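Observations on the three-dimensional arrangement
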Amino acid sequence: HDTRTRTMSKAAFASLKAVQELRFHLCQTSKGSEGVRNFLLASYKNLKAASPSTPILIREAAGVEGKLYARYDYGVEKNVSLEGLDAKAVEKCLTDLVSSAP
């Protein structure tokens, strides 16, 4: 991965502090969750660096659909399907979800 991608990711995660918790649901082996796995492998460190106190949970289960849940203040939750997306599209979904904090 080049530096530009890493820098962009760090900026994309800057508004993570508005989120109480992130949960990634994915299958360890399915083609549909491949983008989620690739995104987490490439970007987990940047996510934690952007907001060390925000819990980032990774839930793996065989056959489960790739999905991202964001929990905000007052227990408000939103989720988005990540099934079949590549790593770049997963990052965009995360950025959109984080920036749409209520």
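Structure first, text after, so check above.
Definitions and cut-offs
- For every chain, the first residue of the written sequence is number 1, and numbering continues from 1 onward in sequence order.
- Thresholds applied to this predicted model are a pLDDT of at least 70 for local features of residues and 80 or more for the giving and counting of side-chain atom pairs; totals over whole chains, interfaces and linings are not thresholded and use all residues.
- Only hydrogens and water are set aside when side-chain values are computed; all heavy atoms of the structure are taken into account.
- Strands here are runs of E lasting at least two residues and helices are runs of H or I lasting at least four, both read from the DSSP assignment and numbered beginning at the N terminus.
- In this scheme, a residue with accessible area under 20% of its type's maximum is buried, one over 50% is exposed, and one in between is partly exposed, where area comes from a 1.4 Å probe on protein chains only.
- Note on contacts: a residue pair is in contact if any heavy atoms of the two residues lie within 4.5 Å.
- To measure how exposed things are, a 1.4 Å probe is used in the Shrake-Rupley method; for residues, cover is taken only from the protein chains shown.
- We call Phe, Tyr and Trp rings a pair once their centres come within 6.5 Å, taking the six-membered ring for Trp, and we label the pair stacked below 30 degrees between planes, edge-to-face above 60, and tilted otherwise.
- Whenever a nitrogen or oxygen atom comes within 3.5 Å of another N or O atom, the pair is scored as a polar contact, on the condition that within protein one atom can donate a hydrogen and the other can accept it, and that pairs from neighbouring residues in sequence are kept only if both atoms are in side chains.
- The length a helix should cover is 1.5 Å for every residue beyond the first.

**Quick word on the overall build of the protein**
- A count of helices and strands for the protein gives three helices and four strands.
- Traced from its N-terminal end to its C-terminal end, the protein shows the element sequence α-β-α-β-β-β-α.
- Here the protein holds 102 residues, and 35% of them are scored as buried.
- Contacts spanning at least 24 positions in sequence make up 69% of the contacts within the protein whose residues lie at least 6 apart.
- With an accessible surface of roughly 5700 Å², the protein has 55% of that area assigned to carbon and sulfur atoms.

**Focus on the packing of aromatic side chains**
- All chains considered together, the criterion is met by one aromatic pair.
- A centroid spacing of 6.0 Å and a plane angle of 40° characterise the contact between Phe24 and Phe39, whose relative ring orientation is tilted. Here the residue Phe24 occupies a position in strand β1 (residues 21-26), and Phe39 occupies one in helix α2 (residues 34-50), the gap between them amounting to 15 residues.
- Judged by its relative accessible area of 0%, Phe24 is buried.
- The exposure class assigned to Phe39 is buried, which follows from its relative accessible area of 1%.

**Regarding the side chain of Glu21**
- Within the element layout of this structure, Glu21 appears in strand β1.
- Polar side-chain contacts of Glu21 include one of 2.7 Å to the side chain of Arg23.
- In this structure Glu21 touches Thr54, Pro55, Leu57, Tyr69, Ala70 and Arg71, once residues within four positions along its chain are discounted.

**Regarding α2**
- Counted at 1.5 Å a residue, the expected span for α2 with its 17 residues is 24 Å, and the 24 Å between its end C-alpha atoms agrees.
- Those residues of α2 that fall on the buried side of the exposure criterion are Gly35, Val36, Phe39, Leu40, Ser43, Asn46, Leu47 and Ala50.

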